[in-house]
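Chain residues, written in single-letter form:
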Protein chains: 2
Amino acid sequence: MSPSYYSQFPKFHVAVDCIIFGFEQGHLKVLLQKRPFEPHRGEWSLMGGFVKADEDIDDAAQRVLNQLTGLHDIYMKQVGAFGNVSRDTGNRVISVAYFALVNIERVNAELNHGNSAYWEDMEKLPPLLFDHKEMIQSALKKLRAMIGHMPISFQLLPKLFTLTQLQMLYEAILGQKIDKRNFRKRVSEMTFIEKTNQVDKLTSKRGAALYRFNVETFNQEPIFKL
Amino acid sequence: MSPSYYSQFPKFHVAVDCIIFGFEQGHLKVLLQKRPFEPHRGEWSLMGGFVKADEDIDDAAQRVLNQLTGLHDIYMKQVGAFGNVSRDTGNRVISVAYFALVNIERVNAELNHGNSAYWEDMEKLPPLLFDHKEMIQSALKKLRAMIGHMPISFQLLPKLFTLTQLQMLYEAILGQKIDKRNFRKRVSEMTFIEKTNQVDKLTSKRGAALYRFNVETFNQEPIFKL
DNA sequence: AAAAAAAGTGTTCAAGTGACACTACTTATT
DNA sequence: AATAAGTAGTGTCACTTGAACACTTTTTTT
């Protein structure tokens, strides 16, 4: 038994698939693309890619996200490994799913439209390749479990946002209405969600105060409950 | 671009590693073994194995669990994929970790001692192979998040158990003391944790009522909060 | 009969959660 | 100048949940 004891065992293609969430006009969205190669070319699918020989899986996910969106250093969370024998009908491929939360406007500036990428509303997902819908559902479940404890949802919003936007975001992710006064009460307890003196006048005649997430204040007292 | 488009990409050994939790004498334990092959033969490690070419990853985890313990159809939960380039110093191996909860007595009857398997207390883990300690920590974190909502902890106990045992189990998993009266109050609200008329006299002179988890009652009203 | 050992049992207070409806401000329209 | 339109913003109360807390009961052993 030399170090090549391993070599008696089969090897597999390993891919990463990215569930890239965005938020626009009160709707939670996912970035989909038409698969650019055979088999199943042209079907709607998540953005994915094969892991390279000298690459950590986490890094592969970052690379794939970057290829599509141009973004670097985005927080990505592993959803899990999907490894049924017949999940990929082309060949045996084990895929590790990751999700990311991104600001749609920042991404659209950089989107490589040669990829025919498209933001699809989570409520209106078309049929998707293989088990990609299952991956999205798992990712959403994980996201729902996390947003109450970790301030990750701000990644989906512009730097400055109104409390109505923030509330609509939570409603979209959780899939349920939230009481406005209770929501704002909780927000006001988080000192790191701070009011600026700027006003957004796009959606109301009165105008709404713009808020910002202050990382430094959060690091001093990282207690988050929404 | 034929169906062998995939073939330009590298392939990897894919393994599963099993975190097998047990509970004995008030302590949460993990089943470890001395690695039976090179490299690193003899180091303490989780029970693992390579995925076969025609095998779902979930099935591979079940197979590995069965090889070591003889148990079938045990609930296993995926912890995640561990895929850093240098996690396995022997060769690139991507490993998917799973955890299972088993009854130690049932397992010990079947344990293949040729594997030199050993139940180690979670508080006293020795240095472990590669990233196995990290896998165990992730598994414990996941377990902690689950036991409050799902009645999985009963897998760790004998069919009949006392409330003191059940409480010690929760204390061991959560790593903190629980108030006895509050705990028993909550248990008494779960009608599917039912008192038998049998009594355990091993640990007290008075004797303690033995309880059982009733699956049928649980299925009728699957609301679990502990 | 007394001591030992763990089982079993309620109440009270604080905190958190959820339900609920009107006023304030600005702009556009007449 | 008045009013209509449209969203922002604001407090209270009832209820539920969670946390703290100590003594009595039962049986066996000495």
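Position numbers for residues start from 1 in each chain and track the written sequence from start to end. Here chains are named by letter from A upward and ligands by number from 1 upward, in the order in which they appear as written. Only residues with pLDDT of at least 70 are given local features in this predicted model, and only at 80 or more are side-chain atom pairs given and counted; all residues enter the totals for whole chains, interfaces and linings. Remark: hydrogens and water are excluded; side-chain values derive from all non-hydrogen atoms of the structure.

Visitor: So what exactly am I meant to see when it comes to the interface of chain A and chain B here?
Guide: How big an interface is tends to be stated in terms of accessible area lost as the parts join. Counting from both sides, the interface comprises 38 residues of chain A and, opposite them, 38 residues of chain B. The term buried area refers to how much accessible surface (probe radius 1.4 Å) is lost by two components on association, counted for both of them together. For the chain A and chain B pair, buried surface summed over both sides reaches about 3,400 Å², with 62% attributable to carbon and sulfur atoms. For chain A, the biggest contributors to the area lost against chain B are Tyr-6, Phe-12 and His-13 of chain A; these three give 21% of the whole. Salt bridge, as used here, is a side-chain nitrogen of Lys or Arg placed within 4 Å of a carboxyl oxygen of Asp or Glu. In this assembly, chain A and chain B are joined by 0 salt bridges. Contacts are assigned to residue pairs that have any heavy atoms within 4.5 Å of one another.

Visitor: Whenever I open this one, the nonpolar core confuses me. Can you help?
Guide: Within soluble globular proteins, side chains that are nonpolar tend to cluster in buried spots. In this structure, Ile-20, Val-102 and Trp-119 of chain A together with Ile-20, Val-102 and Trp-119 of chain B are the most contacted members of the largest nonpolar core, which totals 56 residues. Contact partners of Ile-20 of chain B, with chain neighbours within four places excluded, come to Lys-29, Val-30, Leu-31, Leu-65, Leu-68, Thr-69, Ala-100, Val-102 and Trp-119 of chain B. Residues belong to a common nonpolar core when they are buried Ala, Val, Leu, Ile, Met, Phe, Trp, Tyr or Cys residues joined through side-chain atoms within 4.5 Å. Relative accessibility thresholds used throughout: buried, under 20% of the residue-type maximum; exposed, over 50%; partly exposed, between the two (1.4 Å probe, protein chains only).

Visitor: What exactly am I supposed to notice about the domain arrangement of chain A here?
Guide: Residue and element names in this part refer to chain A. Where each domain starts and ends follows an automatic or database-derived domain assignment. We note that the domain assignment places domain 1 (3–146) and domain 2 (151–220) within chain A. Listed as interface residues are 13 residues of domain 1 and, on the opposing side, 13 residues of domain 2. Between domain 1 and domain 2, roughly 1,200 Å² of surface is buried when both sides are summed, and carbon and sulfur atoms account for 71% of that area. At the junction of domain 1 with domain 2, the criterion picks out 0 salt bridges. Residues adjacent in sequence count toward polar contacts only when both atoms are side-chain atoms; beyond that, a polar contact is any pair of N or O atoms within 3.5 Å, and within protein one must be able to donate a hydrogen and the other to accept it. At the boundary of domain 1 and domain 2, one finds 3 residue pairs in polar contact (both at pLDDT 80 or more). Where the side of domain 1 that touches domain 2 is concerned, the elements lending two or more residues are strand 1 (11–24) and helix 3 (132–147). Every helix listed is a DSSP run of H or I at least four residues long, and every strand listed is a run of E at least two residues long, numbered separately from the N terminus. Among the elements that make up the side of domain 1 that touches domain 2, the one with the highest residue count is helix 3 (4 residues). A class-by-class count of the residues in the side of domain 1 that touches domain 2 yields 9 nonpolar, 3 polar and 1 charged. Following the grouping adopted for this structure description, the nonpolar residues are Ala, Val, Leu, Ile, Met, Phe, Trp, Tyr, Cys and Pro, the charged ones are Asp, Glu, Lys and Arg, and the polar ones are all others, Gly among them.

Visitor: Would you explain a positive patch on the surface in this entry?
Guide: Residue and element names in this part refer to chain A. On the surface, a cluster of positive charge is made up of Lys-180, Arg-181, Arg-184, Lys-185, Arg-186 and Lys-195. The dominant element in the positive patch, judged by the number of residues it contributes, is helix 5 (residues 180–189), at 5 residues. Note that Lys-195 resides in strand 9 (residues 193–200). On the basis of relative accessibility, which here comes to 56%, the residue Lys-195 falls in the exposed class. Here the term patch refers to residues with relative accessible area over 30% and no salt bridge, with like charges joined within 9 Å and nonpolar side chains (Val, Leu, Ile, Met, Phe, Trp, Tyr) within 5 Å. Note that accessible areas follow from Shrake-Rupley with a 1.4 Å probe, and for residues the cover is restricted to the protein chains shown. Under the counting rule used here, the positive set is Lys and Arg, the negative set is Asp and Glu, and His together with the chain ends is not counted. A charged residue contributes its charge at one atom only: NZ of Lys, CZ of Arg, CG of Asp or CD of Glu.

Visitor: How do you make sense of the side chain of Asp-131 of chain A when you look at a structure like this?
Guide: Along the polypeptide, Asp-131 of chain A turns up in the loop between strand 7 (117–121) and helix 3. Assessed through its relative accessible area of 11%, Asp-131 of chain A is described here as buried.

Visitor: Quick question: what am I supposed to make of the packing of aromatic side chains here?
Guide: Both the distance between ring centres and the angle between the ring planes are used here to describe each pair of aromatic rings. The criterion for an aromatic pair is that two Phe, Tyr or Trp rings (for Trp, the six-membered ring) have centres within 6.5 Å, with stacked assigned to planes under 30 degrees apart, edge-to-face to planes over 60 apart and tilted to the rest. According to the stated counting rule, one finds 32 aromatic pairs over all chains in the structure shown. Here the aromatic rings of Phe-154 of chain B and Phe-213 of chain B are separated by 4.6 Å at their centres, their planes lie at 20 degrees, and the arrangement is stacked. On the criterion of sequence distance, the pair formed by Phe-154 of chain B in the loop between helix 3 (132–147) and helix 4 (163–174) and Phe-213 of chain B in strand 9 (residues 208–213) is long-range, its members being 59 residues apart. Look at Phe-154 of chain B and you get buried, because its relative accessible area is 9%. An aromatic cluster is built from Phe-154, Phe-161, Phe-192, Phe-213, Phe-218 and Phe-224 of chain A, whose rings are joined through pairwise contacts.

Visitor: What should I look at first to understand the side chain of His-13 of chain A in this one?
Guide: Of note, His-13 of chain A is situated in strand 1. Using a relative accessible area of 3% as the deciding quantity, one classes His-13 of chain A as buried. A distance of 3.4 Å separates a polar atom in the side chain of His-13 of chain A from the backbone oxygen of Tyr-6 of chain B. Excluding residues within four positions of it along the chain, His-13 of chain A makes contact with Phe-50, Arg-92, Val-93 and Ile-94 of chain A together with Tyr-6, Ser-7, Phe-9, Pro-10 and Lys-11 of chain B.

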